[in-house]
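Report on the structure
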Amino acid sequence: RKEVEQDPGPFNVPEGATVAFNCTYSNSASQSFFWYRQDCRKEPKLLMSVYSSGNEDGRFTAQLNRASQYISLLIRDSKLSDSATYLCAGGYGNKLVFGAGTILRVKS
Amino acid sequence: DVKVTQSSRYLVKRTGEKVFLECVQDMDHENMFWYRQDPGLGLRLIYFSYDVKMKEKGDIPEGYSVSREKKERFSLILESASTNQTSMYLCASSRTSGRLEQFFGPGTRLTVL
């Protein structure tokens, strides 16, 4: 079993839709969690950190559920420019383990 | 803003050649990482370094070595390139305390013929 798992998608949604991704992690020692966005043939860029109490940044909301060992990302009012691959990451110590990514395609 | 740079965006080498990939970060980060990214497999950690001259193997170190002589610079070496090392190589850096978020360079797309 992979340490961090994501549904690869693709998620095809219309503009304005709300879409949610989940990511499960198997290492209960993981302490830090993040969502990254990766555009085609580019490097991953940090989208947001995930805090225990949940956090919001504009149209994006991240949640952590330690009991069930998953993190989630909610995108409201999807834009065409949100089309990308979203990677989740979790870790402890100095290392992060990344999921393989979920593809989001927002269509007009 | 954190800036991580990599020496080449695209590289084409022949089987058996020695390949050097260099990464430089300007944020005084202690940790530096080398990953490769392949379709369907995600990011896989090759090596990381938490201090000058220190290194630890990641999940797939075979066929690779690294060098960290200065804090800001982390090099990945393919001693004898093989076709199965054709991939996107990504360097990242992070602090050693507090949040662990990693910042990535633009990547090097290496093709081994």
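Rules behind the numbers
- Residues numbered from 1 in each chain as written.
- Chains lettered and ligands numbered in written order.
- Predicted model: local features only at pLDDT ≥ 70, side-chain atom pairs only at ≥ 80, totals over all residues.
- Heavy atoms only, no water.
- 1 Å grid on protein atoms, 1.4 Å probe; cavity = no way out; pocket = protein on both sides within 12 Å on 5 of 7 lines; lining within 4 Å.
- Points joined across faces, edges and corners; volume = space filled by probe spheres on them.
- Helix = DSSP H or I, 4+ residues; strand = E, 2+ residues; numbered from the N terminus.
- Nonpolar A, V, L, I, M, F, W, Y, C, P; charged D, E, K, R; others polar.
- Pairing = 2+ DSSP bridges.
- Axes fitted to C-alpha atoms, helices over the stretch in contact; angles between N-to-C directions.
- Disulfide = S-S within 2.5 Å.
- Buried < 20%, exposed > 50% of the residue type's maximum accessible area, 1.4 Å probe, protein only.
- Contact = heavy atoms within 4.5 Å.
- Buried area = accessible area lost by both parts, 1.4 Å probe.
- Salt bridge = Lys/Arg side-chain N within 4 Å of Asp/Glu carboxyl O.
- Polar contact = N/O pair within 3.5 Å; in protein donor to acceptor, adjacent residues only side chain to side chain.
- Core = buried A, V, L, I, M, F, W, Y, C linked by side-chain atoms within 4.5 Å.

Moving on: the layout of surface pockets. The space that makes up the largest pocket amounts to roughly 590 Å³. Taken together, 23 residues make up the lining of the largest pocket; nearest its centre are Gln38(A), Thr85(A), Gln37(B), Asp38(B) and Pro39(B). Counting residues per element, the lining of the largest pocket draws most heavily on strand 9 (residues 84–92) of chain A, which supplies three residues. Of the residues assigned to the lining of the largest pocket, the class counts are eight nonpolar, nine polar and six charged. What the second largest pocket holds in volume is close to 440 Å³.

Quick look at the sheet that holds strand 7 (residues 64–70) of chain B now. Residue and element names in this part refer to chain B. Within the open sheet, the four strands sit side by side as 1-3-8-7. Their pairing is antiparallel. Both outer strands of the open sheet, strand 1 (4–6) and strand 7, are each paired with one neighbouring strand and no more. Pairs of neighbouring strands in the sheet enclose a mean axial angle of 20°, with direction left out of account. Judged from the six bridges that link them, strand 3 (residues 19–25) and strand 8 (residues 73–78) form a sheet pairing that is antiparallel. Across the sheet, Phe20 pairs through a bridge with Ile77, a residue of strand 8.

All right, on to the state of the cysteines then. Using the criterion set out here, one finds two disulfides over all chains in the structure. Bridging Cys23(A) to Cys88(A), the disulfide has an S-S length of 1.9 Å. For the disulfide bridge between Cys23(A) and Cys88(A), the dihedral angle about the S-S bond is near 65°, and by the sign convention the bridge is right-handed. Linking Cys23(A) in strand 3 (residues 19–25) with Cys88(A) in strand 9, this pair joins segments that are 65 residues apart in sequence. With its sulfur 1.9 Å from that of its partner, Cys23(B) forms a disulfide with Cys91(B). Disulfide Cys23(B) to Cys91(B): torsion about the S-S bond roughly -75°, handedness left-handed. Taken as a pair, Cys23(B) in strand 3 and Cys91(B) in strand 9 (residues 87–94) lie far apart in primary sequence, 68 residues in all. By relative accessible area, Cys23(B) is classed as buried at 0%. The exposure class assigned to Cys91(B) is buried, which follows from its relative accessible area of 0%.

Bringing the interface of chain A and chain B into the picture now. By convention, interface size is frequently given as the accessible area that disappears when the constituent parts associate. Contacts between chain A and chain B engage 22 residues on the former and 25 residues on the latter. For the pair chain A and chain B, the summed buried surface comes to about 1900 Å²; carbon and sulfur atoms form 53% of the total. Joining chain A to chain B, the criterion identifies zero salt bridges. Connecting chain A to chain B are four residue pairs in polar contact (both at pLDDT 80 or more).

Residue and element names in this part refer to chain A. Among the structural elements, Ser30 can be located in the loop between strand 3 and strand 4 (32–38). Judged by relative accessible area, Ser30 falls into the buried class, the value being 4%. For Ser30, the residues in contact, after removing those within four places along its chain, are Tyr25, Arg66, Gly90, Gly91 and Tyr92.

One finds Phe21(A), Trp35(A), Ile71(A), Leu73(A), Ile75(A), Tyr86(A) and Leu104(A) to be the most contacted residues of the largest nonpolar core, which totals 22 residues. Formed by 20 residues, the second largest nonpolar core is a distinct cluster that contains Val4(B), Leu11(B), Cys23(B) and Tyr89(B).

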